[in-house]
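Next come the chains, spelled out residue by residue.
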Amino acid sequence: AGADPRALADDGLSPYTAALFGEDPCGLLQGLDASLQARMLAGDGVAWAEAGRGSHGCGHADLVAAPLKRGLPVPHELAQGLLNYCFTAQLPLLAARVLERIDGQQFLLQAMERAES
């Protein structure tokens, strides 16, 4: 089968989101609205949130991680979902970045428990 183009790495990018910022020779972005893509490339946090909540982003943490890594505003509920994904997928560097951006106090105990295992 091949690698999952939406698989998130600890650097906060997936092949899909990397294609958003560069060339897309494999057609990973097929079906993504061109105007939405242009807004995302321009650093529009609202566009990233739209994509993260829409059909392209549903269940895909990569569309939350990429804008967060670039310092764009990320809706709190999407960031919380990304944090939970990071814990499950064992992405500690990305989890630390998410904790910096959201109220990490409420997740501190959970993060420490996960770090022990």
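Higher on the page you've got the structure.
Since the structure is predicted, the reported quantities are computational estimates derived from the model, not experimental observations.

The rules behind the values
- Residues numbered from 1 in each chain as written.
- Predicted model: local features only at pLDDT ≥ 70, side-chain atom pairs only at ≥ 80, totals over all residues.
- Heavy atoms only, no water.
- Helix = DSSP H or I, 4+ residues; strand = E, 2+ residues; numbered from the N terminus.
- Buried < 20%, exposed > 50% of the residue type's maximum accessible area, 1.4 Å probe, protein only.
- Contact = heavy atoms within 4.5 Å.
- Areas by Shrake-Rupley, 256 points an atom, 1.4 Å probe, with all protein chains shown as cover.
- Polar contact = N/O pair within 3.5 Å; in protein donor to acceptor, adjacent residues only side chain to side chain.
- Expected span 1.5 Å × (residues − 1).
- Axes fitted to C-alpha atoms, helices over the stretch in contact; angles between N-to-C directions.
- Parallel < 35°, antiparallel > 145°, perpendicular 65-115°, else oblique.
- Left-handed = near helix turned anticlockwise from the far one by under 90°.
- Nonpolar A, V, L, I, M, F, W, Y, C, P; charged D, E, K, R; others polar.

*Asks:* Outline the overall build of the protein, listing residues and values.
*Replies:* Scanning the protein for helices and strands turns up 7 helices and 0 strands. Listed by position from the N terminus, the elements making up the protein come as α-α-α-α-α-α-α. Within the protein, buried positions represent 39% of all 117 residues. Considering only contacts in the protein between residues 6 or more positions apart, those separated by 24 or more positions represent 49%. About 6500 Å² of surface is accessible on the protein, with carbon and sulfur atoms providing 55% of the total.

*Asks:* So, the side chain of Arg 6: which residues are in play, and what are the values?
*Replies:* Along the chain, Arg 6 turns up in the segment before α1 (15–21). Here the side chain of Arg 6 touches Asp 62 through a polar contact of 2.8 Å, side chain to side chain. Aside from chain neighbours lying at most four places away, what touches Arg 6 is Ser 14, Tyr 16, His 56, Gly 57, His 60, Asp 62 and Leu 63.

*Asks:* Outline helix α5 (residues 76–89), listing residues and values.
*Replies:* An α-helix turns once per 3.6 residues; consequently, residues spaced three or four apart project the same way. Taking 1.5 Å of rise per residue, 14 residues should cover 20 Å, and α5 covers 20 Å from first to last C-alpha, within 8% of that figure. Those residues of α5 not exposed but buried are Leu 78, Ala 79, Leu 82, Leu 83, Cys 86 and Phe 87. In the stretch just after α5, Gln 90 is the one whose phi turns positive, near 55°.

*Asks:* Residues and numbers for the packing of helix α2 (residues 34–41) against helix α3 (residues 45–53), please.
*Replies:* Packed helices, taken two at a time, are described by the angle their axes make and the gap between the axes. In the contact formed by α2 and α3, the axes pass within 7 Å of each other and the chain directions differ by 130°. In terms of axis orientation, α2 runs oblique to α3. Here α2 runs over α3; the crossing is left-handed. Contacts between α2 and α3 pair Leu 36, Arg 39 and Met 40 from the former with Val 46, Ala 47, Trp 48, Glu 50 and Ala 51 from the latter. Classifying every residue of the contact of α2 with α3 by side-chain character gives 6 nonpolar, no polar and 2 charged.

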